[in-house]
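Structural characterization, general
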Amino acid sequence: MPGLELFGDEERKEVMDVLDSKCLFRYNHEHLRNGHWKAKELEAEVMNFTGAKFAHAVSSGSTAVACAMASAGIGYGDHVIVPPFTYIATIEGVIFGGGVPVFAEIDENLCLSAAGIEAAITPETKAVCLVHMCGAAANMDEIMEVCNKHNLTLIEDAGQALGAFYKGTSAGLFGKTGAYSFDFFKITTAGEGGLYVTNDEECYKLADSYSDHGHDHIGANRGMEQHPILGFNYRLSELHAAVGLAQMRKINTIRDTNKKNKTYLKNLLAGTEGLSFRPIPDEEGDSGTFLNFFLPDTETAQKVMAEFGKMGIGGFNYWYTNMYHFINQWDHLKKLKSAAPLHLHKMDLPQDYNNLDLPKSQEVVGRLISLGISTQWTEEQMNELAANMKTAIANAI
Ligand SMILES: *Cc1c(COP(=O)(O)O)cnc(C)c1O
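No experiment lies behind these values; they were computed from the predicted model shown.

A closer look at the sheet that holds strand β8 (residues 177-181)
- Strand order in this open sheet of seven strands is β1-β9-β8-β5-β4-β2-β3, and the pairing throughout is mixed. On the outer flanks of this sheet lie β1 (54-58) and β3 (100-103), each paired with one strand and no other. Sheet twist, expressed as the mean angle between neighbouring strand axes with direction ignored, is 25 degrees.
- Sheet topology note: the β1/strand β9 (residues 194-198) ladder contains five bridges and is antiparallel. The residue bridging Val58 from the neighbouring strand is Gly194, located in β9.
- In the packing of helix α3 (residues 38-50) onto the sheet, the strands contacted are β1, β8 and β9, and the crossing angle to β1 comes to about 135 degrees.

Have a look at this one:
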């Protein structure tokens, strides 16, 4: 949780600006605000950092994904290729936007692979929702090639990839629309919050309206605004925006420290028998939030996790059976359990979600362990951590 690790006076100051002005709402009320527009300032910081032409702050990463889907024109019955390794918000974003998820294979890069996407394409396929997992960008040259070749709309869930770049372009800006999360666990946190980004003005306008009951946000009188489309309430409060703004101003420091610590640890671990690292197509563009590594097979990875447990060293994620980011844990999705009937219950589905055949993804996630990088580690602590990790791995293999 790097964002949370660097949390203090700056966040307090921004929040106090809002509390003192009593203007907790992001729109209008100029007479109250003392000139503070925290959501707008947060958007400006995100545009500046990522290079996005447009950014729009919303209530969560999940609602940013919802905006990304709708504003890219993905709706009822549209087939969207998705990965089985992601936070489930991606899949929910497709479903609750009216779309139909189609699962495809990831590879060692932890994101959808070009080959995986290509194998899942049918005449029904409309879009790909690419997820840049665990802090680094997907293999974008190859993915753009497949999307262009098949004329597919690309949407990016960069919920875990603010601070990740590929050959100079920020994750989230390759496709038509993209989404970042500012939840409690991300590189920058607002407690709750999300950022929608795009370089397309029409998409931006749609997302801006969609996230606020269709308001066009033209003029200074909210009650008299026009509503070009139906929408919903995905607004971010000024209090959350204030925290996100202070955090966003620290992102370069967080990213640089993460990367420095990750490189240090990686160098200590390099050459360990049985251990290999996630291939990152653009190392320089890594956000450094996770060190992702593989063991030779699922059984060994589970033994290594057990060794870590015995030694009492923490901070490791084993997504294959723990956590909530892999299809093996999504029983509710596999059985399409929902509060109320869904469109998916009433149509022929392209896949049986309960019996998906994704051997590559199973194999990759089975061998994968992810370690969250801390900005607070000292070299001494990292030396000790690496030594312990090597012992655990040697004991397991
Ligand atoms: C965190 C995350 C989200 C959801 O973000 P929230 O802000 O928690 O709603 C979506 N997609 C991915 C890949 C995430 O990691």
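Some points on the nonpolar core
- Ranked by size, the top nonpolar core spans 71 residues in total, and within it Phe85, Leu265, Phe293, Phe308 and Phe316 carry the most contacts.
- Of the residues forming this core, the biggest block, seven residues, is contributed by helix α14 (residues 379-396).
- Structurally, this core is a two-domain feature, drawing no fewer than three residues from each of domain 1 (2-250) and domain 2 (252-396).
- The contact partners of Phe85, leaving out residues within four places of it in the chain, are Ile106, Leu110, Met133, Cys134, Trp319, His325, Phe326, Val365 and Leu368.

Details of a nonpolar patch on the surface
- On the surface, Met16, Leu19 and Leu24 cluster together into a nonpolar patch covering about 260 Å² of accessible area.
- Position of Met16 among the secondary structure elements: in helix α2 (residues 9-21).

Description of α14
- With 18 residues, α14 ought to run about 26 Å at 1.5 Å a step, and its terminal C-alpha atoms sit 26 Å apart, in line with that.
- Of all the residues in α14, the buried ones are Met382, Leu385, Ala386, Met389, Ala392, Ile393 and Ala396. In a view along the axis of α14, the buried residues occupy a sector of 130 degrees, so they form one face of it. Within α14, the exposed residues directed more than 90 degrees away from the buried face are Glu380, Glu384 and Ala394.
- Against α10 (251-269), β11 (290-294), α11 (298-311), β12 (316-317) and β13 (368-372) lie the buried residues of α14.

Let's talk about the packing of α11 against α14
- It is at 8 Å that the axes of α11 and α14 come closest, and there the two elements cross at 130 degrees. One element, α11, and the other, α14, form an angle in the oblique class. Read as a crossing pair, α11 and α14 show a hand that is right-handed. On α14, the residues touching Thr300, Lys303, Val304, Glu307, Phe308 and Met311 of α11 are Asn388, Met389, Thr391, Ala392, Ile393, Asn395 and Ala396.
- Tallied by class, the residues present in the contact of α11 with α14 amount to seven nonpolar, four polar and two charged.

Parameters at a glance
Residue numbers here run from 1 along each chain, matching the order of that chain's written sequence. Where local features are concerned, this predicted model is filtered to residues with pLDDT of at least 70; where side-chain atom pairs are given and counted, the filter is 80 or more; whole-chain, interface and lining totals use all residues. Note: side-chain values were computed over all heavy atoms of the structure, leaving out hydrogens and water. The rule for pairing is simple: two strands pair if DSSP sees at least two bridges between them. Numbering of helices and strands runs from the N terminus; a helix is a DSSP stretch of H or I covering at least four residues, while a strand is a stretch of E covering at least two. Structural elements are reduced to axes, namely lines fitted to C-alpha atoms, with helices fitted over the stretch in contact, and the angle between N-to-C directions of any two is expressed from 0 to 180 degrees. Any pair of residues with heavy atoms lying within 4.5 Å of one another is described as a contacting pair. Buried Ala, Val, Leu, Ile, Met, Phe, Trp, Tyr and Cys residues form a nonpolar core when they are joined through side-chain atoms within 4.5 Å. Residue burial is assigned from relative accessible area. The probe radius is 1.4 Å, only protein chains are included, and a residue is buried under 20% of its type maximum, exposed over 50%, and partly exposed in between. For the purposes of this description, domain bounds are those given by an automatic or database domain assignment. Each patch is assembled from residues with relative accessible area greater than 30% and no salt bridge, linking like charges that lie within 9 Å and nonpolar side chains (Val, Leu, Ile, Met, Phe, Trp, Tyr) that lie within 5 Å. The Shrake-Rupley method, run with a 1.4 Å probe sphere, supplies the accessible areas, and residue values consider only the shown protein chains as cover. Salt bridges are counted wherever a side-chain nitrogen of Lys or Arg sits within 4 Å of a carboxyl oxygen of Asp or Glu. Expected span of a helix: the number of residues minus one, times 1.5 Å. Arc definition: directions from the helix axis to the C-beta atoms. Any angle that falls under 35 degrees is termed roughly parallel, while one over 145 is termed roughly antiparallel, one within 65 to 115 roughly perpendicular, and all others oblique. The sense of a crossing depends on the near helix, which, turned anticlockwise from the far helix by less than a right angle, makes the crossing left-handed and, turned clockwise, makes it right-handed. Gly counts as polar in this scheme, as do all residues outside two lists: the nonpolar Ala, Val, Leu, Ile, Met, Phe, Trp, Tyr, Cys and Pro, and the charged Asp, Glu, Lys and Arg.

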